[in-house]
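Okay, here's what each chain looks like letter by letter:
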Amino acid sequence: MRLPGVHLITDRRLALDLPARLAAALAGAPPGEVVVHLREKDLGGADLAALARALLPACRARGARLLVNDRLDVALALGADGAHLPSAGVPPAEARRLLGHGALLGVSCHSPAEVAAALAGGATFATFSPVWDTPSK
């Protein structure tokens, strides 16, 4: 599976009409080249699902893939294109079993060993951070 090169990460506090802003951002992108990460850690399941439902039409219209971050249950319930999991979340092998082989599965990693474990467990990709010190963590 080819991984799209552009990953957009949502923050609804910065974009008041997130579905409209996403549609505008995707309008200039080649179809199939964008993954949208729905990353709204403060939302509960119902609100996150409602936001995902609002974003899916823009993603589908432009061939972008929608991943739900940290909430495998919401990704599965809505038929999202996959999930991005925290390093201490659902094990990648279990997430892969639930999502199926066609879904994108990302895992946040914080060491080379975590990257290797994520990929061995069936992750499509791993993100690695922090690379430099950050004042927020």
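Right above here is the structure, for reference.
No experiment lies behind these values; they were computed from the predicted model shown. Along each chain, residues carry numbers from 1 onward, in the same order as the chain's sequence is written. In keeping with the model being predicted, local features are shown solely for residues with a pLDDT of at least 70 and side-chain atom pairs are shown and tallied solely at 80 or more, while totals for entire chains, interfaces and linings include all residues. The basis for every side-chain value is the complete set of heavy atoms in the structure, and neither hydrogens nor water enter the calculation.

Observations regarding the sheet that holds strand 1 (residues 6–9)
Should DSSP find at least two bridges between two strands, the strands are taken to pair. Helix and strand assignments follow DSSP, with helices taken as H or I runs no shorter than four residues and strands as E runs no shorter than two, numbered in order from the N terminus. Taken in spatial order, the six strands make up an open sheet running 1-2-3-4-5-6, and their pairing is parallel. Either end of the sheet is taken by a strand with one partner, and the two such strands are strand 1 and strand 6 (125–128). Going across the sheet, the axis of each strand differs from the next one's by a mean of 25 degrees, ignoring polarity. Pairing between strand 3 (residues 65–69) and strand 4 (residues 82–85): three bridges, direction parallel. Within the sheet, the bridge partner assigned to V68 lies in strand 4 and is A83. Under this scheme, a helix contributes an axis fitted over its contacting stretch, all axes are lines through C-alpha atoms, and angles between N-to-C directions fall in the 0 to 180 degree range.

Notes on the pattern of salt bridges
When the charged atoms of two side chains lie near each other, side chains of opposite charge can form a pair. Salt bridges are defined as contacts in which a side-chain nitrogen from Lys or Arg sits within 4 Å of a carboxyl oxygen from Asp or Glu. Considering all chains together, one arrives at eight salt bridges under this definition. For D42, the salt bridge goes to R12, with nearest N and O atoms at 2.7 Å. Placement of the pair is D42 in the loop between strand 2 (34–38) and helix 2 (45–62) and R12 in the loop between strand 1 and helix 1 (18–27), with a sequence separation of 30 residues. Residue classification places D42 among the partly exposed residues on the basis of a relative accessible area of 48%. Look at R12 and you get partly exposed, because its relative accessible area is 24%. For the salt bridge of D42 with R13, the shortest nitrogen-to-oxygen distance reads 3.9 Å. Taken together, the positions of D42 in the loop between strand 2 and helix 2 and R13 in the loop between strand 1 and helix 1 put the pair 29 residues apart, joining distant regions of the chain. For R13, a relative accessible area of 57% corresponds to the exposed category. Through salt bridges with shared partners, a single ionic network connects D11, R12, R13, E40 and D42. Burial status follows relative accessibility: with a 1.4 Å probe on protein chains alone, a residue under 20% of its type maximum counts as buried, one over 50% as exposed, and anything between as partly exposed.

What to know about the pairing of strand 2
Counting buried residues along strand 2, five of its five residues qualify, which places the element largely inside the surrounding structure. Side chains V34, V36 and L38 of strand 2 all project onto a buried face; the interleaved residues V35 and H37 project onto the opposite face, where all are buried too. As paired strands, strand 1 and strand 2 are joined by four bridges and run parallel to one another. Note on strand 2: the bridge partner recorded for V6 is V34.

Points about the nonpolar core
Counting residues in hydrophobic clusters, the biggest one holds 31 residues, and the most contacted among them are L22, L26, V36, L38, C59 and L66. Looking at this core, the element that brings in the most residues is helix 2, giving eight residues. Excluding anything up to four places from it in sequence, L66 contacts V36, L38, A52, L56, C59, A80, D81 and G82. Nonpolar core, defined: a set of buried Ala, Val, Leu, Ile, Met, Phe, Trp, Tyr and Cys residues in which side-chain atoms within 4.5 Å join the residues together. The contact criterion used is simple: two residues touch if any of their non-hydrogen atoms lie within 4.5 Å.

What to know about helix 2
Here, expected helix span is obtained from the residue count minus one, scaled by 1.5 Å. The terminal C-alpha atoms of helix 2 lie 26 Å apart, and with 18 residues this matches the ideal 26 Å at 1.5 Å per residue to within 8%. If you look at helix 2, its biggest bend is around 30 degrees, right at L55, and the proline P57 turns up within four residues after that. Within the span of helix 2, buried status applies to L48, A49, L51, A52, L55, L56, A58 and C59. Looking at the buried residues of helix 2, the elements they touch are helix 1, strand 2, strand 3 and helix 3 (72–78). Positioned one or two residues after helix 2, G63 has a phi angle of 70 degrees, which is positive. Bend, at a single residue, is the angle you get between axes fitted to the 7 residues ending at that residue and the 7 residues starting at it.

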